[in-house]
Amino acid sequence: MDWTVFTLISWTEAYFARHRIDSPRLTAEILLGFCLGIRRLDLYLQHDRPLEKQELARFKTLIQRRKNHEPVAYITGEKGFFESSFQVGPGVLIPRPDTETLVTTTLSVLDENPRNPQKILELGVGSGAIVISLAMAHPGHLFFAGDISLSALETARKNAAREKEIGTIHFFNGSWFSPLAPGPFFDVIVSNPPYIPSSDIFGLAPEIRDHEPITALDGGDDGLECIREIVTCAGDYLVPGGQLILEMGFDQKTAVSALAKTCPQFDQIHVIQDLAGQNRVAQCKKKID
Ligand code: GLN
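Below you will find a few notes about this structure. (Residues numbered from 1 in each chain as written. Predicted model: local features only at pLDDT ≥ 70, side-chain atom pairs only at ≥ 80, totals over all residues. Heavy atoms only, no water.)

A tally of helices and strands in the chain yields twelve helices and nine strands. By the compact-globule yardstick of 19 Å for 289 residues, the chain fits well, its C-alpha radius of gyration being 21 Å. Projected onto its principal axes, the C-alpha coordinates of the chain cover approximately 75 × 40 × 35 Å. By the burial criterion, 50% of the 289 residues in the chain qualify as buried. When contacts within the chain are restricted to residue pairs at least 6 apart in sequence, those whose partners lie at least 24 apart make up 66%. (Helix = DSSP H or I, 4+ residues; strand = E, 2+ residues; numbered from the N terminus. Rg over C-alpha atoms; globule rule 2.2 N^0.38 Å. Buried < 20%, exposed > 50% of the residue type's maximum accessible area, 1.4 Å probe, protein only. Contact = heavy atoms within 4.5 Å.)

This is how it looks when you write it as structure tokens:
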């Protein structure tokens, strides 16, 4: 049988559905578009295009990778997030739509502050999706972004280099605040740290558990180990009135608020919900005095 774009999409959709792969038709279209180097829309404009042997062979490997639960974003090497698209690979967490709430919250905090330029620190930069989205919106501010993983920093630097209109980002290597000297320096500290309890990791979808970097997900016994370190140290690095903006698990509101209340430097704590209505972002403001 001669395969065309149309027959191949239909066959792949059924194959993915049989193997319980999420969104089987969309996945088939994204992977075939990627394989042929054309947009999804063009698949429909070229629906009766016959596939060449090499194209078929290439597509077959992509289908097998997805059937083995490799995330689509790692296969295509790209993930859309906020207003841009970012290169991703197994060394970095794939940016989640939930995390856009961290970006929009931070953008409104930056907008409310008349100080110019502001200094913004991101801890645990991964692909760079968060700090780059902020630096694209505020090219005049100064950005600092750290990660313990050198391969993540390499990806983040590459992603930053792809954008033209972007603020300066100083990348650095190290665990959370450890490479930085304490002092009232940053207007905003933002982070999406690992926050999943270690015992929950095994129960995650194979796409996450078997493919994404566990160090970017595992928050220790209670899921709060990294959050605790960041919340307890952040006050020493923020200017008076500065804010710590943290992503957290949907069920961590009480624990994270209680943690922030134990830090006398913070006098206001808010929790913001993501677009799915889940508690997702904690915003802690340092006292002005
Ligand atoms: N929200 C992510 C997930 O559910 C976890 C991200 C994180 O630990 N920072 O996979």
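Moving on, we come to the layout of surface pockets. Summary: where empty space remains is shown by rolling a probe the size of a single water molecule over the atoms. The volume enclosed by the largest pocket comes to roughly 1,000 Å³. Considering the residues around the largest pocket, the lining is formed by 44 residues, among which Ile94, Arg96, Pro97, Ile208 and Glu212 are closest to the centre. Listing elements by their share of the lining of the largest pocket, those giving two or more residues are helix H2 (24-36), helix H5 (72-76), strand E1 (78-81) and helix H10 (206-209). Of the residues contributing to the lining of the largest pocket, the split by class is 21 nonpolar, nine polar and 14 charged. Within this model, the second largest pocket holds a volume of roughly 500 Å³. Forming the boundary of the second largest pocket are 32 residues, of which Gly124, Gly126, Asp147, Asn192 and Ala216 lie nearest the centre. Sorting the residues of the lining of the second largest pocket by element identifies strand E3 (119-123), helix H7 (129-137) and strand E4 (142-147) as the ones contributing at least two each. Grouping the amino acids of the lining of the second largest pocket by side-chain chemistry returns 16 nonpolar, twelve polar and four charged. (1 Å grid on protein atoms, 1.4 Å probe; cavity = no way out; pocket = protein on both sides within 12 Å on 5 of 7 lines; lining within 4 Å. Points joined across faces, edges and corners; volume = space filled by probe spheres on them. Nonpolar A, V, L, I, M, F, W, Y, C, P; charged D, E, K, R; others polar.)

For the rest of this paragraph, the subject is unusual backbone geometry. A cis amide bond, omega 0°, links Asn116 with the succeeding residue Pro117. For Pro117, the position within the fold is in the loop between helix H6 (100-112) and E3. A positive phi angle, close to 40°, is found at Trp176, a residue other than glycine. Turning to its location among the elements, Trp176 is positioned in the loop between strand E5 (168-173) and strand E6 (186-191). According to the relative accessible area criterion, Trp176 is buried, its value standing at 15%.

This brings us to the site of the ligand. Lining the immediate environment of the ligand, one finds Leu93, Arg96, Asn192, Pro193, Pro194, Tyr195, Ile196, Ile208, Ala216 and Leu217. Within the side chain of Arg96, a nitrogen or oxygen atom sits 2.7 Å from an oxygen atom of the ligand. In the environment of the ligand, a nitrogen atom lies 2.7 Å from a nitrogen or oxygen atom belonging to the backbone of Pro193. Here the ligand, which alone exposes 300 Å², has 87% of that area covered by the protein. With respect to the pocket detection grid, the ligand is positioned in the largest pocket. Tallied by class, the residues present in the shell around the ligand amount to eight nonpolar, one polar and one charged. (Near = heavy atom within 4 Å. Polar contact = N/O pair within 3.5 Å; in protein donor to acceptor, adjacent residues only side chain to side chain. Areas by Shrake-Rupley, 256 points an atom, 1.4 Å probe, with all protein chains shown as cover. Sits in = over half its atoms within 2 Å of the grid points.)

Right, let's talk about the packing of aromatic side chains for a bit. Counted by the stated rule, this structure contains eight aromatic pairs. Their ring planes at 50° and their centres at 6.2 Å tell us that Tyr15 and Phe16 sit as a pair that is tilted. According to the relative accessible area criterion, Tyr15 is buried, its value standing at 10%. Seen from their ring centres, Phe185 and Phe186 are 4.9 Å apart, and the 90° between their planes marks the pair as edge-to-face. For the cation-ring pair, Lys119 lies above Phe185, with the distance from its terminal atom to the ring centre recorded as 4.7 Å. Over the ring of Phe202 we find Arg209; its NZ or CZ atom is 5.5 Å from the centre of that ring. (Phe/Tyr/Trp six-rings, centres within 6.5 Å; stacked < 30°, edge-to-face > 60°. Lys NZ or Arg CZ within 6 Å of the ring centre and 35° of its normal.)

No statement about biological role is implied by the geometric values presented.
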